[in-house]
Amino acid sequence: MYDYKCENCGKFEKMQRITEPPLEQCPVCNGNVERLISKNVGVVFKGSGFYKTDAQQVKEKYRELNKERQKDNQAILDGDIGGFVKQSEATTQKVSEN
């Protein structure tokens with residue numbers, strides 16, 4: 001929706017695709033028109049990723065996964081191969097659930 005101002009008729013709105021060129025003549029009186037910059041733009045954000053909280057949730061998720069991986073690494077450093085395998089499988093399960 002674009003706002004126009006006709007030199008004869010005044011202001012009017014015209015629904016156009018964004019790829020269409022701006023009007024040059026009024027559809028009513030064929031007078032010269034000027035496209036105005038709209039103040040009321042309705043923008044709709046859909047899906048995730050548009051809000052601060054979305055980014056924070058992703059960070060928290062990866063922090064939790066990193067903590068699990070650190071447990072895996074600690075088992076290896078302790079020389080506990082059985083513990084590593086068990087912990088690694090539990091971590092892999094948690095990752096696949098997310």
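The structure reproduced in this document is the subject of the present report. All values reported here derive from a predicted model rather than from experimental measurement.

1. Some thoughts on the overall build of the chain
So, step 1. When its secondary structure is counted, the chain shows two helices and three strands.
So, step 2. Along the chain direction, N to C, the helices and strands of the chain fall in the order β-β-β-α-α.
So, step 3. Here the chain holds 98 residues, and 16% of them are scored as buried.
So, step 4. For the chain, the accessible surface area stands at approximately 8400 Å², while carbon and sulfur atoms represent 51% of it.

2. Structural notes on the sheet that holds strand β2 (residues 10-14)
So, step 1. Reading across from one edge, β2-β1-β3 is the order of the three strands in this open sheet, with antiparallel pairing throughout. Among the strands making up the open sheet, the edge pair consists of β2 and β3 (33-36). Pairwise comparison of adjacent strand axes, ignoring direction, gives a mean angle of 30° for this sheet.
So, step 2. For strand β1 (residues 2-6) and β3, the ladder comprises four bridges, and the chain directions are antiparallel. When the sheet's bridge partners are listed, Asp3 is paired in β3 with Leu36.

3. Details of unusual backbone geometry
So, step 1. A positive phi angle is found at Asn30, which is not glycine, with a value near 65°.
So, step 2. When you line up the elements, Asn30 lands in the loop between β2 and β3.
So, step 3. Exposure remark for Asn30: the relative accessible area of 53% places this residue in the exposed category.

4. Here's the deal with the side chain of Gln16
So, step 1. For Gln16, the location among the structural elements is in the loop between β2 and β3.
So, step 2. Side-chain polar atoms of Gln16 contact the backbone oxygen of Pro21, separated by 3.3 Å.
So, step 3. Setting aside its immediate chain neighbours within four residues, Gln16 contacts Tyr2, Tyr4, Pro21, Leu23 and Arg35.

5. Section: the nonpolar core
So, step 1. Membership of the largest hydrophobic core is limited to six residues, which are Tyr2, Tyr4, Cys6, Phe12, Cys26 and Val33.
So, step 2. The leading source of residues in this core is β1, at three residues.
So, step 3. Contacts of Tyr4, omitting those with residues within four sequence positions, involve Gly10, Lys11, Phe12, Lys14, Gln16, Pro22, Leu23, Val33, Glu34, Arg35 and Leu36.

Cut-offs used in this document
- Residues numbered from 1 in each chain as written.
- Predicted model: local features only at pLDDT ≥ 70, side-chain atom pairs only at ≥ 80, totals over all residues.
- Heavy atoms only, no water.
- Helix = DSSP H or I, 4+ residues; strand = E, 2+ residues; numbered from the N terminus.
- Buried < 20%, exposed > 50% of the residue type's maximum accessible area, 1.4 Å probe, protein only.
- Areas by Shrake-Rupley, 256 points an atom, 1.4 Å probe, with all protein chains shown as cover.
- Pairing = 2+ DSSP bridges.
- Axes fitted to C-alpha atoms, helices over the stretch in contact; angles between N-to-C directions.
- Polar contact = N/O pair within 3.5 Å; in protein donor to acceptor, adjacent residues only side chain to side chain.
- Contact = heavy atoms within 4.5 Å.
- Core = buried A, V, L, I, M, F, W, Y, C linked by side-chain atoms within 4.5 Å.

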